[in-house]
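Descriptive analysis of the structure
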Amino acid sequence: MKIVKFGGSSLATGESVAQAIQIILSDPQRQVMVVSAPGKRNTTDIKVTDLLIKYADLALKHKNCVEIVNKIFSRYQEIGHYFGLADTELSIIKQILLELPNQGYPNEKYLLAAFKAHGERLNARLITLVLRHQGINSRFLDPAEAGLIVTGEPNDAIVNPESYLNLDQIKIKADERIVFPGFFCMTPSGNIATFSRGGSDITGAILARGFHADLYENFTDVNGIFAANPHIIEHPQSIKKMTYREMRELSYAGFSVFHDEALIPAIQGQIPINVKNTHDPSNPGTMIVPEKDFVPDNAITGVTSQKHFSALYLHKYLLNKEAGFTLRILQILYQHNIPYEHMPSGIEDYAIIMVVGEGMRQKHTISRQIIDSLGDHDISPQMINQGASQISIMIGTKKEKADEAVKIIYQKFFN
Ligand code: ASP
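Just so you know, these numbers come straight off a predicted model, no measurement behind them.

Some remarks on the sheet that holds strand E2 (residues 30-35)
Here we have eight strands laid out as an open sheet, ordered E3-E6-E2-E1-E9-E11-E12-E10, and mixed in their pairing. Only two strands of the sheet have a single neighbouring strand rather than two, namely strand E3 (138-140) and strand E10 (241-243). In this sheet, neighbouring strand axes are inclined to one another by 20 degrees on average, regardless of whether the strands run parallel or antiparallel. Along the sheet, helix H5 (residues 108-133) contacts E2, E3 and strand E6 (177-181); its crossing angle with E3, the most-contacted strand, is approximately 160 degrees.

So this is what it looks like as structure tokens:
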């Protein structure tokens with residue numbers, strides 16, 4: 001069985017929803033569809049999730065919400081009408097939207113989470129209506145009913161392992177399609193909590209693990225994951241296959257196609273992930289697979305940069321003789337809730353370039369080649385850190401040199 005997740009840009013219009021349905025129907029294994037809220041229809045459009053955040057804000061201030069509710073509802077109505085659904089069938093969506101401010105919430109954060117969650121919750125209901133209208137045997141499954149439980153912050157929740165036991169109890173008939181809303185789950189006390197933004201990817205991964213799927217297909221609007229940022233490199237190659245940990249290293253330094261937190265359930269269940277394009281479904285996209293049996297065909301899989309890092313340079317004699325010094329420094333950072341990236345190093349604005357590839361483990365000259373080629377272009381690294389796993393090298397450069405450094409490294413290893 002396959003879990004198939006569609007992002008907001010893949011479900012923004014009736015036409016794209018039709019494409020998504022076609023994808024689902026073209027493979028009987030694609031039984032569980034995880035949906036995001038309708039995204040942007042064009043570059044100036046507003047995502048339904050962002051409209052809901054505005055709605056929550058207005059509701060909290062007891063302002064008039066008629067206009068925003070109509071705006072949100074019109075997004076669902078537009079999709080419903082595309083498939084010939086009557087307004088009487090769609091009225092339930094408007095009703096739920098109108099009732100949102102009247103539900104009880106423990107505090108404002110939970111109110112915000114519940115409003116946001118309805119982007120996906122209503123979209124899953126709508127898509128179920130559409131499928132049924134087309135005579136397709138389908139069922140809307142809500143996280144509350146499925147027993148998807150989370151803890152932590154209401155708008156940055158963490159899945160509770162109990163969810164997997166609950167998912168194990170759910171029976172899916174062989175000829176049935178499940179439509180599941182992404183992005184949110186329930187707290188043990190029955191409130192809605194969402195993952196961080198883009199979190200429908202996480203729901204897809206949880207279901208993939210919970211339902212013991214053979215594959216987690218993640219449909220977006222690009223042909224897989226590129227080896228470098230297309231805003232920096234013109235027409236970069238797309239990555240055919242990469243390992244979980246390569247994806248992890250790259251996503252933490254700026255690759256945003258796939259939510260980094262979504263890797264964890266997939267890794268735990270050892271379920272391969274396939275990032276694909278809704279508008280070009282025959283393109284193989286990018287496979288993200290377990291490390292075992294992976295044979296790299298390039299030394300480097302991807303290169304990325306992340307700007308706006310600060311470096312603290314601490315200078316003290318006889319540091320090596322003093323026990324507990326770094327511990328105390330880290331304690332200060334911890335007390336102020338500041339995450340850190342790199343230990344051994346005036347404050348300046350830095351960028352971090354991340355070069356990632358399983359293929360680097362067999363080749364011992366990669367770091368030299370990188371440093372030499374940067375040096376040839378007059379870029380001197382401010383710091384270098386090779387991960388113990390040997391599949392990544394992190395190079396600190398001055399912020400203004402970051403894009404150029406990515407280009408140099410990309411050209412060196414991909415052209
Ligand atoms: N709709 C949510 C967001 O815009 C979650 C998602 O799309 O994955 O962040």
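Back to the write-up after that little detour.
What to know about the site of the ligand
Every residue lining the ligand is accounted for by Ser36, Lys47, Thr49, Glu120, Phe183, Arg197, Gly198, Gly199 and Ser200. A distance of 3.5 Å separates an oxygen atom of the ligand from a polar side-chain atom of Lys47. Within the backbone of Ser200, an N or O atom sits 2.9 Å from an oxygen atom of the ligand. Burial of the ligand by the protein amounts to 93% of the accessible area it has alone, namely 260 Å². When atoms are counted within 2 Å of each cavity's grid points, the one that captures over half of the ligand is the largest pocket. For the shell around the ligand, the residue count by class is one nonpolar, five polar and three charged.

Some thoughts on unusual backbone geometry
With phi around 85 degrees, Phe183 is a residue other than glycine that occupies positive phi space. Assignment of secondary structure puts Phe183 in the loop between E6 and strand E7 (184-186). Judged by its relative accessible area of 2%, Phe183 falls in the buried class. Here His235, not a glycine, exhibits a phi torsion of approximately 45 degrees, which is positive. On the secondary structure map, His235 appears in the loop between strand E9 (215-220) and E10. Overall, His235 belongs to the exposed group, its relative accessible area being 71%.

Some remarks on the pairing of E6
Burial analysis of E6 places five of its five residues in the buried class, which makes it a mostly covered element. Where burial is concerned, the two faces of E6 agree: the one with Arg177, Val179 and Pro181 and the one with Ile178 and Phe180 are both buried. Bridge count for E2 against E6 is four bridges, and the pairing is parallel. Considered in E6, the bridge of Met33 is made with Val179.

Observations concerning the sheet that holds strand E16 (residues 392-398)
Within a sheet, each strand pairs with its neighbour through backbone hydrogen bonds, oriented either parallel or antiparallel. The sheet built from four strands is open, its strands ordered E13-E14-E16-E15 with antiparallel pairing. One side of each edge strand has no neighbouring strand; the edge strands of this open sheet are strand E13 (302-310) and strand E15 (383-386). Sheet twist, expressed as the average angle between the axes of neighbouring strands with direction ignored, equals 20 degrees. Pairing geometry for E13 and strand E14 (residues 349-356), over seven bridges, is antiparallel.

A look at the pattern of salt bridges
Counted by the stated rule, this structure contains 15 salt bridges. A salt bridge links Arg121 to Asp142; the nearest nitrogen and oxygen atoms lie 2.8 Å apart. Linking Arg121 in helix H5 with Asp142 in the loop between E3 and helix H6 (143-146), this pair joins segments that are 21 residues apart in sequence. A single burial state applies to Arg121 and to Asp142, both of which are buried. Of the charged contacts in the structure, one is a salt bridge between Arg245 and Glu358, with a shortest N-O distance of 2.8 Å. When its relative accessible area of 4% is taken as the criterion, Glu358 is described as buried. Overlapping salt bridges, with partners in common, bring together Arg41, Asp45, Arg75 and Glu78 in one network.

Here is what the cut-offs are and how they apply
Residues numbered from 1 in each chain as written. Predicted model: local features only at pLDDT ≥ 70, side-chain atom pairs only at ≥ 80, totals over all residues. Heavy atoms only, no water. Pairing = 2+ DSSP bridges. Helix = DSSP H or I, 4+ residues; strand = E, 2+ residues; numbered from the N terminus. Axes fitted to C-alpha atoms, helices over the stretch in contact; angles between N-to-C directions. Contact = heavy atoms within 4.5 Å. Near = heavy atom within 4 Å. Polar contact = N/O pair within 3.5 Å; in protein donor to acceptor, adjacent residues only side chain to side chain. Areas by Shrake-Rupley, 256 points an atom, 1.4 Å probe, with all protein chains shown as cover. 1 Å grid on protein atoms, 1.4 Å probe; cavity = no way out; pocket = protein on both sides within 12 Å on 5 of 7 lines; lining within 4 Å. Sits in = over half its atoms within 2 Å of the grid points. Nonpolar A, V, L, I, M, F, W, Y, C, P; charged D, E, K, R; others polar. Buried < 20%, exposed > 50% of the residue type's maximum accessible area, 1.4 Å probe, protein only. Salt bridge = Lys/Arg side-chain N within 4 Å of Asp/Glu carboxyl O.

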